[in-house]
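# Results of the structural survey
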Amino acid sequence: MSGKADPRAAGEGTTSRTRLDRGRGALGPALELVHTGRAPTRAVLTAELGVTRATAGAVAAELEALGLIRVDARPGAAAGSQGRPSHRLAVAEEGPVALAAQVHADGFRAALVGLGGRIVATAPGCEVVDADPAKVLGSVVEAGARLLRETGRRCVGAGLAVPSAVAEPEGLALNPLHLAWPAGAPVREIFAECVRAAGIAGPAFAANDVNLAALAEHRHGAGRGSRDLLCVATGHRGVGGALVLDGRLHSGSSGLALEVGHLTVNPGGGRPCHCGGRGCLDVEADPLALLTAAGRAPGPEVSLLKQAQDLIRGHYDDPAVRTATETLIDRLGLGLAGLVNILNPDRIILGGLHRTLLDADPERLRAVVADRSLWGRSGGVPILACTLDHNSLVGAAELAWQPVLDDPLGALTRSA
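What comes next is a walk through the structure.

So, how was this worked out
Residues numbered from 1 in each chain as written. Predicted model: local features only at pLDDT ≥ 70, side-chain atom pairs only at ≥ 80, totals over all residues. Heavy atoms only, no water. Helix = DSSP H or I, 4+ residues; strand = E, 2+ residues; numbered from the N terminus. Rg over C-alpha atoms; globule rule 2.2 N^0.38 Å. Buried < 20%, exposed > 50% of the residue type's maximum accessible area, 1.4 Å probe, protein only. Pairing = 2+ DSSP bridges. Axes fitted to C-alpha atoms, helices over the stretch in contact; angles between N-to-C directions. Contact = heavy atoms within 4.5 Å. Expected span 1.5 Å × (residues − 1). Core = buried A, V, L, I, M, F, W, Y, C linked by side-chain atoms within 4.5 Å. Parallel < 35°, antiparallel > 145°, perpendicular 65-115°, else oblique. Nonpolar A, V, L, I, M, F, W, Y, C, P; charged D, E, K, R; others polar. Polar contact = N/O pair within 3.5 Å; in protein donor to acceptor, adjacent residues only side chain to side chain.

## Digging into the overall build of the protein chain
When you go through the protein chain residue by residue, the secondary structure sums to 16 helices and 14 strands. For 416 residues, the compact-globule formula gives about 22 Å, and the C-alpha radius of gyration of the protein chain, at 24 Å, lands near that figure. Projecting the C-alpha coordinates of the protein chain onto the three principal axes gives extents of approximately 90 × 50 × 40 Å. The buried share of the protein chain, taken over its 416 residues, is 51%.

Below is the structure:
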């Protein structure tokens, strides 16, 4: 064997590097396409990116080398198919994760979430929320740190979902009413300090829980493929809303857009709301409102959300429960109709108890929206249930994954 280098091999290496250099700017868009399931094969990736097949191959190879995706170069051909099947692309199952945390009125939870919105591990939830946000966030971050130690996964960053509007750019929780936290608590700063103290690498983020649920559903769930997506949900207390416009979460000039809970849906005789009004969606269409309307006293043994859902699912034949459910459906439908008139979304998704209301009587809810909205009468807006379990947790992870999606090579180099 000659000791001289093969000039053809050197040329092939140079060509491969050239292709990758040309496609370096496509690393982020390529990763997002695989992350959201829109590029299951290299052929689809090539078409979506608008690059040559060779460049797409170099980009996919680089993402695989970074441990972010897996390329199957020898997929089985479908029966009756012609020619060689395209390389299949998937997120790397053993790749990096983001630490996701969620705090709500009935507890908090931590999880590790990989690319593709896949929950890799979860810590047991806590059902007690201290009035001091630093204590709560310290506990949830430590739970996440234990998961990282147990799994040995690399962490790209951390995201937090809270049941409050989060003002930008400071990251202040303006109205964490159901947590008994002080208004304006600097949750992002506290969370970031806890993340650093736990020795967790990567940036830390915080945002409203329904905004994050909408983001997760748009990328991985019932909102996938929608351009202008409206999400309305009630978890344990109150009602929240979010809007995805042209594929991007719309948070307004300072993060406070879509405070839909304060739409008036029962002006005459409605319940008093903490905002000073009466009959707001926030107090007319949440779990406590259902339990109250059905004449059931809430118990301490399980969350309000579970009590309300179990009541509808297990006792819908009870006239009091049916009447209460129909009342909440009508209130919710009235609020959705107003939002449709203003926003003209191409899809509505409902989460939490609202998903259960939709399941209980979908035709009633759709009829109320169609009857009270201009655009509903012209053909109807699809109203669907959210499909992801723990979508706010998945959305919190999306915050941490976003820098990697924007610049995979740079983000992973910085967090190394």
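## Considerations on the sheet that holds strand E11 (residues 240–245)
Spatially, E12-E11-E10-E13-E14 is the arrangement adopted by the five strands of the open sheet, whose pairing is mixed. The sheet is open, and its two borders are formed by strand E12 (248–250) and strand E14 (383–385), each paired with just one other strand. Strand-to-strand, the axes of this sheet are offset by a mean angle of 30°, without reference to chain direction. For strand E13 (residues 347–352) and E14, the ladder comprises three bridges, and the chain directions are parallel. When the bridges of E14 are listed, Leu-350 appears paired with Ala-385. The sheet strands contacting helix H12 (residues 353–360) are strand E10 (228–234), E13 and E14, and the helix crosses E13 at an angle near 110°.

## Quick word on helix H10 (residues 304–315)
With twelve residues, H10 should reach 16 Å at 1.5 Å per residue; the first-to-last C-alpha distance of 16 Å fits that figure. The complete set of buried residues in H10 reads Leu-304, Leu-305, Gln-307, Ala-308, Gln-309, Leu-311 and Ile-312. In this structure, the buried residues of H10 make contact with E10, helix H9 (287–293), helix H11 (319–343), E13 and H12.

## Some words on the sheet that holds strand E5 (residues 119–122)
The five strands lie next to each other as E5-E4-E3-E6-E9, forming an open sheet whose pairing is mixed. Two strands lie at the open edges of the sheet, namely E5 and strand E9 (204–208), each paired on one side alone. With strand direction ignored, the average angle separating the axes of adjacent strands in the sheet is 25°. Inspection of the sheet shows strand E3 (residues 97–104) paired to strand E6 (residues 155–162) by five bridges, in the parallel sense. Among the inter-strand pairings, Ala-101 is bridged to a residue of E6, identified as Leu-160. Here helix H6 (residues 187–197) sits on the sheet and contacts E3, E6 and E9; the angle it forms with E9, its principal contact strand, is near 145°.

## Digging into unusual backbone geometry
In this structure, the amide linkage connecting Glu-168 to the following residue, Pro-169, adopts the cis form with an omega of 5°. Assignment of secondary structure puts Pro-169 in the loop between strand E7 (166–167) and strand E8 (172–173). Unusually for a residue other than glycine, Ala-180 sits at a positive phi of about 65°. In this structure, Ala-180 sits in the loop between E8 and H6. The residue Leu-258 is not glycine, and still its phi comes out positive at about 65°. Checked against the element boundaries, Leu-258 lands in the loop between E12 and helix H8 (281–284).

## With respect to the nonpolar core
By size, the foremost hydrophobic cluster in this structure holds 37 residues, and its most contacted members are Val-232, Leu-290, Leu-336, Ile-348, Leu-350, Leu-353 and Leu-365. Breaking this core down by element, the ones donating at least two residues are E10, H9, H10, H11, E13, H12 and helix H13 (362–372). For this core, the element with the highest residue contribution is H11, accounting for eight residues.

## Considerations on the packing of helix H2 (residues 27–35) against helix H4 (residues 53–65)
Packing of H2 against H4 leaves a shortest axis separation of 10 Å and a crossing angle of 75°. On the basis of their axis angle, the class for H2 and H4 is roughly perpendicular. Between H2 and H4, the residues in contact are Leu-27, Ala-30 and Leu-31 and Val-59, Glu-62 and Leu-63, respectively. A class-by-class count of the residues in the contact of H2 with H4 yields five nonpolar, no polar and one charged.

## A word on helix H5 (residues 133–151)
Compared with an ideal rise of 1.5 Å per residue, which puts 19 residues at 27 Å, H5 spans 27 Å between its outermost C-alpha atoms and is within 8% of the ideal. The secondary structure elements touched by the buried residues of H5 are E3, strand E4 (107–113), E5, E6 and H6. Two or three places before Ala-134, at the start of H5, stands the capping residue Asp-132, its side-chain oxygen 3.0 Å from that residue's backbone nitrogen.

## Observations concerning the pairing of E5
The pairing of E4 with E5 spans three bridges and is antiparallel. Paired with Leu-112 across the strands is Ala-121, a residue of E5. Between E4 and E5, which pair antiparallel and follow one another directly, the connecting turn spans five residues, one of which, Gly-116, has a positive phi of 80°.

## Let's talk about the pairing of E10
Across the seven residues that make up E10, a large majority, seven, are buried. Of the two faces of E10, the one lined by Asp-228, Leu-230, Val-232 and Thr-234 and the one lined by Leu-229, Cys-231 and Ala-233 are each fully buried. Note: E10 against E11, six bridges, orientation antiparallel. Looking at E11, one finds that Leu-230 is bridged to Leu-243. Between E10 and E11, which pair antiparallel one after the other, the connecting turn spans five residues, and Gly-238 there sits at a positive phi close to 75°. In the sheet, E10 pairs with E13 via six bridges, with the strands oriented parallel. Its bridge partner being in E13, Val-232 is matched across the sheet by Leu-350.

Don't take any of this as a statement about function, it's just geometry.
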